[in-house]
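Topology and contacts: notes
Here is what each chain is made of, one letter per residue.
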Amino acid sequence: MTIANAPEPVAESSTDAAPTPQTQPTPAPTEWWRSAVIYQIYPRSFADSNGDGIGDLPGITDRLPHLAALGVDAIWLSPFYTSPQKDAGYDVADYCNVDPLFGTLDDFDQLQSKAHELGLRVIVDIVPNHSSDAHAWFQAALASAEGSPERGRYIFRDGKGENGEIAPNNWESVFGGPAWTRITNEDGTPGQWYLHLFDTSQPDLDWTNPWVREQFRDILRFWLDRGVDGFRVDVAHGMIKAAGLPDFTPKPGGSMGGSGSSVEGVSLEPGISDHEDEPTAPFWAQDGVHEIYRDWHEVLAEYEGDRVLCAEAWVEPLTKLARWVRPDEMHQAFNFTYLETPWSAQALRRVIDESISAFASVGAPSTWVLSNHDVVRHASRLALTAENPQGAGIGPKSPGLPDAELGLQRARAASALMLGLPGSAYVYQGEELGLPEVIHLPDEARQDPTWFRTNGERYGRDGCRVPIPWDADAPAYGFSPSGESWLPQPADWAPFAREAQIGVEGSTLELYREALALRHDHDLGFGSVTWMTGLGEAVVAFTNGAITVVANTGSVAIELPAGEILLASGDISGSILPGDTTVWLATAAH
Ligand code: GLC
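In short, a report on the structure. Predicted model, so just to flag it, every value in this text is computed and none were measured.

This part is about the nonpolar core. Of all hydrophobic cores here, the largest spans 158 residues; its most connected members are Phe231 and Trp296. Counting residues per element, this core draws most heavily on helix H8 (residues 345-360), which supplies 7 residues.

Laid out in structure tokens, this is it:
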């Protein structure tokens, strides 16, 4: 079977109301995002230029040449906006300014122009579901009367019970605990409750309010005017809540508080159904979100060039996620179903097939992703031996902790498999160094609100956010000139440092660099998947144009098909492919 990453006639309506089939035009060669490899920078952990232990924009600018040398096409910056940093910047107090921790707007402009000079596109994060409680809008809402326009920008409700002492409904926060907080009025009496799907410091905005929509159009234009190439849209499945905010009890095995449910090894965002026709939680994946993205699509279309919207939408199944990327909505959506697929050939073949066909049905490219700042790094995750729900993290007391060597071997094999696929791929800073999750962080160092809101029951996401190593011998491994680091770096990270891997045959960095160069030279992003069978149940093998990718997910070595080996994720001797290893072969001529 051959599945191509090329736009096909759109089978699905581009609006919810009028099911008129449309045809997606053949992509202009400038639609860079269809095949791009996008590198996620988590600013506080990338490079610190001023020695305060927190990464910053000038630090990023200095190191951009490394990313150009790696061969990625674009960078996505997690939030660097004005913020009290209660959720590492995903609590925004001013959407149009830079937090002094990270620099200034001038620093952003310099970063962007250097990136563009190096041929790297720049995508910024936008956080529309909620603001920080320190945002002037929320402060005005608190200072204004019930029922005022200021309160109407957020989701304030009266409590239930005789004195309004019971939360308006039973929803739980993704980070644990209730999703509602009661305010105290200026005269000291208890007041209304406000909704926060995440931390108490992240009040949800009311997207049924046209005023909110207008503000965000302006915010998009602010950054588009500065020249950004697009936006990664945070919680793009959460902005509209079901009318009446009905109670919701997740199905057994799942939890609204974030422990998720599991279907065939895939852990799901709480309350997200894996079946099209099953109801999802009243705060996720509501149909009303699509109108917002059609509106945003038009804002981006006002600008020259190919500006993009990438959805962070934890939505399953893939056929439903595809609605986020219909031709008049977003351009890309993170493929979290792929990220959560276990290291099993059967599961991988299935998710690859389903991804390409679901996205192609709306004319969009599939995306692929293995790690980000919210999940256990794949160099550890792929060797876990116990269930680990998304967001829970791992720490010293977690069951089924990974074997580090096996994890790295699988991660390298998984990355080599991913980078051979058609479509667009995301790489999270540090995965190109083979970084594992940091498991042994001291409790007192942890900062993720998940850790606090669950009283340490869930470790949360700090373990994947530890500042990355640049230079084996420098203080803080070259992350910071002072040796400071906002999360402590492990003592054994010297071998992962970038300088220690540059030009070293067999290093993870060189594996990524070679894979990206081959991917680029052979235009794999615009290619197709033709399955190759007969190599055994544990093998994922396909041809994508001039490259044949063979990944052995099992532990038993197999005989490779004939062909010159162009890339190998591990040691190969002769034509034997060991377990947990991927090779790229030159496709045999027919
Ligand atoms: C997204 C971000 C995550 C953040 C949450 C709330 O899932 O990726 O880091 O905590 O939204 O903004």
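We now examine the site of the ligand. Asp87, Asp234, Glu312, His373 and Asp374 are the nearest of the 14 residues found near the ligand. Interatomic distance of 2.9 Å between a side-chain N/O atom of arginine 461 and an oxygen atom of the ligand. Relative to its free-state accessible area of 300 Å², the ligand is covered by the protein chains to the extent of 96%. Residues that form the shell around the ligand fall into these classes: 4 nonpolar, 3 polar and 7 charged.

A word on the sheet that holds strand S11 (residues 190-195). With respect to topology, 3 strands assemble into an open sheet ordered S9-S11-S10, the strand pairing being antiparallel. The open sheet terminates on both sides in strands that have one partner only, identified here as strand S9 (156-157) and strand S10 (180-184). Bridge count for S10 against S11 is 4 bridges, and the pairing is antiparallel. From the neighbouring strand, threonine 184 faces S11, where its bridge partner is proline 190.

When two helices pack together, their arrangement is given by the angle between the helix axes and the distance between those axes. Close contact between helix H10 (residues 404-418) and helix H13 (residues 508-521) brings their axes to 10 Å; oriented N to C, the two are set at 10°. Our classification of the angle between H10 and H13 gives roughly parallel. Contact with H10, carried on its side by Leu408, Arg412, Ser415 and Met418, involves Thr508, Leu511, Tyr512 and Arg519 of H13 and no other residues of that element. Across the contact of H10 with H13, the residue classes tally to 4 nonpolar, 2 polar and 2 charged.

This part covers the side chain of arginine 519. Structurally, the position occupied by arginine 519 is in helix H13. Within the buried set, arginine 519 has no salt-bridge partner at all; the shortest N-O distance to an opposite charge, 5.9 Å, is to aspartate 73. A distance of 3.4 Å separates a polar atom in the side chain of arginine 519 from the backbone oxygen of serine 35. Within the structure, arginine 519 has its side chain in polar contact with the backbone oxygen of leucine 419 (distance 2.8 Å). Those residues in contact with arginine 519 that sit more than four places away from it in its chain are Ser35, Val37, Met418, Leu419, Gly420, Leu421, Gly423, Ser424, Ala425, Leu524, Gly525 and Trp584.

The next thing to look at is helix H5 (residues 289-301). Under the 1.5 Å per step criterion, the end-to-end length of H5 is 19 Å for 13 residues, consistent within 8% with the ideal 18 Å. At its buried positions, H5 is contacted by strand S8 (121-126), helix H4 (210-226), strand S12 (230-233) and strand S15 (308-311).

As a further point, take the pattern of salt bridges. The full count for this structure, using the stated rule, is 23 salt bridges. A salt bridge links glutamate 329 to arginine 326; the shortest N-O distance between them is 3.0 Å. The partner of arginine 498 in a salt bridge is glutamate 432, with the nearest N and O atoms 2.6 Å apart. One end of the pair, arginine 498, is in helix H12 (residues 498-501); the other, glutamate 432, is in the loop between strand S18 (424-428) and helix H11 (449-453), and 66 residues separate them in sequence.

Moving on: the sheet that holds strand S16 (residues 332-333). Strand order across the open sheet formed by 8 strands is S16-S15-S12-S8-S5-S4-S18-S17, with parallel pairing between neighbours. Edge positions in the sheet fall to S16 and strand S17 (367-369), since each of these pairs with one other strand and no more. Most of the contacts of helix H1 (residues 57-70) go to strand S4 (residues 37-41), to which it runs at about 150°, and overall it touches S4 and strand S5 (74-77). Taken strand by strand, helix H2 (residues 105-117) contacts S5 and S8, and its axis lies near 140° from that of S8.

A word on the environment of alanine 589. Summarising the element assignment, alanine 589 is placed in the segment after strand S25 (581-586). Classification of alanine 589 by relative accessible area gives exposed; the value is 79%. Considering only alpha carbons, one finds alanine 589 and alanine 546, 43 residues apart in sequence, at a separation of 8.9 Å.

Time to look at the packing of aromatic side chains. Scanning all chains against the criterion turns up 32 aromatic pairs. Summarising the aromatic geometry, the rings of tryptophan 76 and phenylalanine 334 are spaced 5.3 Å apart at their centres and angled 50° between planes, so their arrangement reads as tilted. Residue tryptophan 76 is found in strand S5, and its partner phenylalanine 334 is found in the loop between S16 and helix H7 (336-339); the two are separated by 258 residues along the sequence. Per residue, the accessibility class of tryptophan 76 equals that of phenylalanine 334, and both read buried. Ring centres of tryptophan 137 and tryptophan 211 lie 5.4 Å apart, and the angle between their planes is 75°; this geometry places the pair in the edge-to-face category. A residue pair is termed long-range when its members are at least 10 positions apart, and tryptophan 137 in helix H3 (residues 136-143) and tryptophan 211 in helix H4 qualify at 74 residues. For tryptophan 137, a relative accessible area of 12% gives the class buried. Here the basic side chain of arginine 151 rests over the ring of phenylalanine 156, its NZ or CZ set 4.8 Å away from the ring centre. Directly above the ring of tryptophan 451 sits arginine 446, whose terminal nitrogen or CZ lies 5.4 Å from the centroid.

About the thresholds
Residues numbered from 1 in each chain as written. Predicted model: local features only at pLDDT ≥ 70, side-chain atom pairs only at ≥ 80, totals over all residues. Heavy atoms only, no water. Core = buried A, V, L, I, M, F, W, Y, C linked by side-chain atoms within 4.5 Å. Buried < 20%, exposed > 50% of the residue type's maximum accessible area, 1.4 Å probe, protein only. Helix = DSSP H or I, 4+ residues; strand = E, 2+ residues; numbered from the N terminus. Near = heavy atom within 4 Å. Polar contact = N/O pair within 3.5 Å; in protein donor to acceptor, adjacent residues only side chain to side chain. Areas by Shrake-Rupley, 256 points an atom, 1.4 Å probe, with all protein chains shown as cover. Nonpolar A, V, L, I, M, F, W, Y, C, P; charged D, E, K, R; others polar. Pairing = 2+ DSSP bridges. Axes fitted to C-alpha atoms, helices over the stretch in contact; angles between N-to-C directions. Parallel < 35°, antiparallel > 145°, perpendicular 65-115°, else oblique. Contact = heavy atoms within 4.5 Å. Lys, Arg positive; Asp, Glu negative; His and termini not counted. Salt bridge = Lys/Arg side-chain N within 4 Å of Asp/Glu carboxyl O. Expected span 1.5 Å × (residues − 1). Phe/Tyr/Trp six-rings, centres within 6.5 Å; stacked < 30°, edge-to-face > 60°. Lys NZ or Arg CZ within 6 Å of the ring centre and 35° of its normal.

The analysis is restricted to geometry; functional conclusions fall outside its scope.
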